[in-house]
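Residue-level listing of the chains:
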Amino acid sequence: MKKGLLISGGIVLLVVVYLFLLSRRTIVVKLYSTSNIAAASRCFPDTAQWAVRWPKNDGCAYQITGIFYNELRVAMRCPDGAVVKGVIRLVPLNMDTTMISWEAKGPLLFVHKEKVRQAMEAVLRDFKAFIDDDKNIYGVHFYRAMSRITTVVSITNISTTYPTTDEVYQKIDSLRAYMTDHGAAAVDSPWLNVTKMAAGSFKTTVAIPADKQVPENGRISNKRFVPWKMIQGDVRGGVYTVEKAFGQMEVFRHDHPMTIVAIPFQMLITDRRKEQDTTKWVTIVAAPVS
């Protein structure tokens, strides 16, 4: 009798220990993104996007059970009914590197452990690919560049309304004619800056990079530069799209701390008079930075 009880008790103890060991089984997956932590953080709590990332054919069900600062708590229900609970975290390593980690714990049999790990890795790889492409975050791919332009010829005026395309190109044509008359040639696309003034008027500056200075006449002036750093991005679209891109450039500048040292401007790659479809306009938005 006692022997039978001891055997039964031993079996129960082994089962309890076995289940305890299963419950302590942990899987950790880590990936490293080139995204800035501030940018990654804005995408992180988007539960609709996470729902898209869950694997569809692994038989598991996924549920976000908590949303915190740079932390998501996730429960995975496996085909055998086991529930694996985990935490996905963002950890900044430096200005341009963010670690994405997922630590999951639950009663995992060895046969399930590798499948769960593969599912976790697939989800994190998808999120990493998304935030590594900053066009997904800002709507524009911004990049650092070095300008070699040394001279621009410019003209500025103030108007009560936003300048039309024809008005902008009238100024460009006037500058080109003046440059030709004085033996100067354009070395790059025209530049444009439109700034809304406090009184509701608009200050418009049109400039053309030139191979040399021209005589100033009170209306047309020269500006001289040494090589300088820039952030810039390629934009396709009309005036609204370009203005939106400038707003996102400010967000990018804030995410990657830098100082804008002169007025941002547009490089008019497409001749907007010749292309009536604004969705085909190509513009480079740019800002000098330190």
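Preceding block: the structure.
The sections below set out a description of the structure shown in this document. (Residues numbered from 1 in each chain as written. Predicted model: local features only at pLDDT ≥ 70, side-chain atom pairs only at ≥ 80, totals over all residues. Heavy atoms only, no water.)

Here we look at the nonpolar core
A general tendency of soluble globular proteins is for nonpolar side chains to be buried together.
Here is step 1: Counting residues in hydrophobic clusters, the biggest one holds 44 residues, and the most contacted among them are W50, M76, I88, W102, M120, F127 and V285.
Here is step 2: With 7 residues, helix α4 (residues 110–132) is the single largest residue contributor to this core.
Here is step 3: One finds L175, Y178, V194 and L268 within the second-largest nonpolar core, a separate group that totals 18 residues. (Core = buried A, V, L, I, M, F, W, Y, C linked by side-chain atoms within 4.5 Å. Buried < 20%, exposed > 50% of the residue type's maximum accessible area, 1.4 Å probe, protein only. Helix = DSSP H or I, 4+ residues; strand = E, 2+ residues; numbered from the N terminus.)

Description of the sheet that holds strand β6 (residues 142–147)
Here is step 1: Taken in spatial order, the 8 strands of this open sheet run β6-β11-β13-β12-β8-β9-β7-β10, and their pairing is antiparallel. Pairing within the sheet leaves two strands with one partner each, and these edge strands are β6 and β10 (220–224). Here the average twist between neighbouring strands, direction ignored, is 30°.
Here is step 2: Across the face of the sheet, helix α6 (residues 165–181) comes into contact with β7 (151–159), β8 (191–196), β9 (202–209), β10 and β12 (265–268) while running at roughly 40° to β9.
Here is step 3: Most of the contacts of helix α7 (residues 239–255) go to strand β13 (residues 282–289), to which it runs at about 30°, and overall it touches β6, β11 (228–236), β12 and β13. (Pairing = 2+ DSSP bridges. Axes fitted to C-alpha atoms, helices over the stretch in contact; angles between N-to-C directions. Contact = heavy atoms within 4.5 Å.)

Re the pairing of β8
Here is step 1: Both β8 and β9 contribute to a ladder of 6 bridges, which runs antiparallel. Following the sheet pairing, V194 is matched in β9 by T204.
Here is step 2: In this structure, the hairpin formed by β8 and β9 is closed by a connection of 5 residues, where G200 is found at a positive phi of approximately 95°.
Here is step 3: Bridge count for β8 against β12 is 2 bridges, and the pairing is antiparallel. Residue L192 lies in a different strand from β12, and its bridge partner there is Q266.

Structural notes on the pattern of salt bridges
Here is step 1: All chains considered together, the criterion is met by 8 salt bridges.
Here is step 2: Note that D126 and R53 form a salt bridge whose closest N and O atoms lie 2.7 Å from each other. Here D126, found in helix α4, pairs with R53, found in helix α3 (residues 47–53); they are 73 residues apart in sequence, far enough to count as distant.
Here is step 3: In this structure R53 comes out as buried when scored by relative accessible area, which is 7%.
Here is step 4: Across the pair E71 and R73 runs a salt bridge, and its minimum N-O distance is 3.0 Å. (Salt bridge = Lys/Arg side-chain N within 4 Å of Asp/Glu carboxyl O.)

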